[in-house]
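So you can see what is in the structure, the chains are spelled out below.
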Amino acid sequence: MGKTPKYQQVADQFTRLIEEGAFGPGAAAPSVRKLSQQWKVSITTILKAYYLLEARGLLVPRPRSGFYVNSQLPSAPLEPALSDPEPDPSTVGMRELITMIVLRDTLNPKLTQLGAAHPAQELTATRQLNRIMASAARRMGDRAGLYMAPPGNKPLRQQIVRHAVVAGCTLDAEEIVITSGCGEAVSSCLQAVCRPGDTVAVESPICFDVFQYMENLGLKALEIPTHPRDGISLEALGFALENNSVQACLVISNFNNPLGSCIPDERKKALVNLLAPYDIPLIENDIFGDIHFSAKRPLSAKAFDTQGLVLWCASFSKTLSPGLRVGWAAPGRYRSTVAWLKYSTSLATATLPQVAVAEFMAEGGYRKHLRRIRRVYQDRVAELRRAVIRFFPSDIRVTDPAGGYLLWIELPECIDALALYRTALDEGIAITPGHLFSTGDRYGNFIRLNAANWSDQATPAIRRLGRVIDRMAQAG
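Predicted model only: the values in this text are computed from it and were never measured. (Residues numbered from 1 in each chain as written. Predicted model: local features only at pLDDT ≥ 70, side-chain atom pairs only at ≥ 80, totals over all residues. Heavy atoms only, no water.)

Student: How do you make sense of the overall build of the protein chain when you look at a structure like this?
Tutor: A tally of helices and strands in the protein chain yields 15 helices and 17 strands. The C-alpha atoms of the protein chain give 23 Å as radius of gyration, which agrees with the globular expectation for 476 residues (23 Å, within 12%). Seen through its C-alpha atoms, the protein chain measures out along the principal axes to roughly 75 × 55 × 40 Å. Going through the 476 residues of the protein chain one by one, you find that 57% of them count as buried. Across the protein chain, contacts joining residues at least 24 apart in sequence account for 75% of those joining residues at least 6 apart. Averaging the coordinates of the 53 positive side-chain charges in the protein chain and doing the same for the 45 negative ones gives two points 11 Å apart. (Helix = DSSP H or I, 4+ residues; strand = E, 2+ residues; numbered from the N terminus. Rg over C-alpha atoms; globule rule 2.2 N^0.38 Å. Buried < 20%, exposed > 50% of the residue type's maximum accessible area, 1.4 Å probe, protein only. Contact = heavy atoms within 4.5 Å. Lys, Arg positive; Asp, Glu negative; His and termini not counted. Charge placed at Lys NZ, Arg CZ, Asp CG, Glu CD.)

Laid out in structure tokens, this is it:
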């Protein structure tokens, strides 16, 4: 991953000063020469930064007078309200919609990819891991081609246990089952604790992958109101448990997809304690937990598990490389069942990727890699959010996540996100309509955008998308 250019660092720093109110609308920006001296960078760097800020709509030039903060800065929009899903369990059936949107368009190189929740290709550690795998293959010889049956590579499980400490978990390597990505971990955990026809309480909205697994297993979804910052409503969940037969609960605890919500640590503890008297397992998807923007990683709900009822799932797909397909589960009391399901469905996760990730972590590469990508993703989320506020209608609502790289946007009620999705394709832009994140049609005027691939070159795409939304709003 290349280093962020100096002028862009300057532009980002000045943007934060504007957002914090140090320079209000209409205020004069420091002269190029003065800021060059204060920040100890070249005049050329300051000029390029100011031109970039002009392109972003934050500064406006005045002939023979310098640069000024745009007096028409858009005000920050509200975040979406607490969701309000239907109170009864629903049968899941979304295969056709997911297949159409996800499989057809997410790999199209002709589209500006702002939809699928894939990490940025240049921010993966694929090259480093390929070198490690090549070295491991030479060292291991024929052993590199053998199955590594469940629970998986022990050095990798030991490294995961060490890394889990930052999430508040004290585990043993024997508690970990290596899986082919987080999806297999979540699916296996659902299968371990549920039977066809059972009901699973889930956050609403939640990533459509969850509905895929549930549809395949014949499970019903009971969607629970969820806040865009604090996650699942414990009050609503408590009411649901009192009035429904629920066999499991599933949350994306840290930086929910698509909301970006993060359940506060004390509420994670309360969630675990709420489910325990009912003996209801909590399947915790923590795939985005390592991409946090604060100094400290949020804890996992697993950190508060004293009865083995929390099945903690994650992977390296969002941080290291999605193509590795290396994930894991710490399934508590269901460990042996999950290990058997892993063996009976896919037998083993590929050997060399497990070995490579273990060595990468042991050498300190994973910690260093995370420090780099967190900074970049934080900047990209902020940049995309600013572009959305600038070019979309003023009455939208948009999240402001503290981790991950996704934005959830509520558009005017007259906007049909599926129609917008189709029109956006004609404009060369891939987005994800809100219809995918619920079993019903309750998010028909929402879209999810992915900031992972954001750059200033993508600004025209957001501008075009904003114009399309304006036209649809006027026609609606």
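Student: How should I be thinking about the side chain of D305 in this particular structure?
Tutor: One can find D305 in the loop between strand 10 (282–285) and strand 11 (310–315). Given a relative accessible area of 17%, D305 falls into the buried group. Here the side chain of D305 touches L309 through a polar contact of 3.1 Å, landing on its backbone nitrogen. (Polar contact = N/O pair within 3.5 Å; in protein donor to acceptor, adjacent residues only side chain to side chain.)

Student: What am I meant to see in the state of the cysteines here?
Tutor: Here a disulfide denotes one covalent bond, and it connects the sulfur atoms of two cysteines. In total, this model carries zero disulfides according to the counting rule given. This cysteine, C182, is not joined by any disulfide, and C313 carries the nearest cysteine sulfur, 5.6 Å off. (Disulfide = S-S within 2.5 Å.)

Student: Sorry, what's going on with the pairing of strand 6 (residues 199–204) here?
Tutor: On any regular strand, side chains alternate: one points to one face of the sheet, the next to the other face. Counting buried positions over the six residues of strand 6 gives six, a clear majority of the element. Summarising the sheet, strand 6 and strand 7 (residues 220–227) pair through six bridges and their orientation is parallel. Within the sheet, the bridge partner assigned to T199 lies in strand 7 and is K220. Looking at chain direction, strand 6 and strand 9 (residues 248–252) are connected through three bridges and run parallel. When the bridges of strand 9 are listed, V202 appears paired with L250. (Pairing = 2+ DSSP bridges.)

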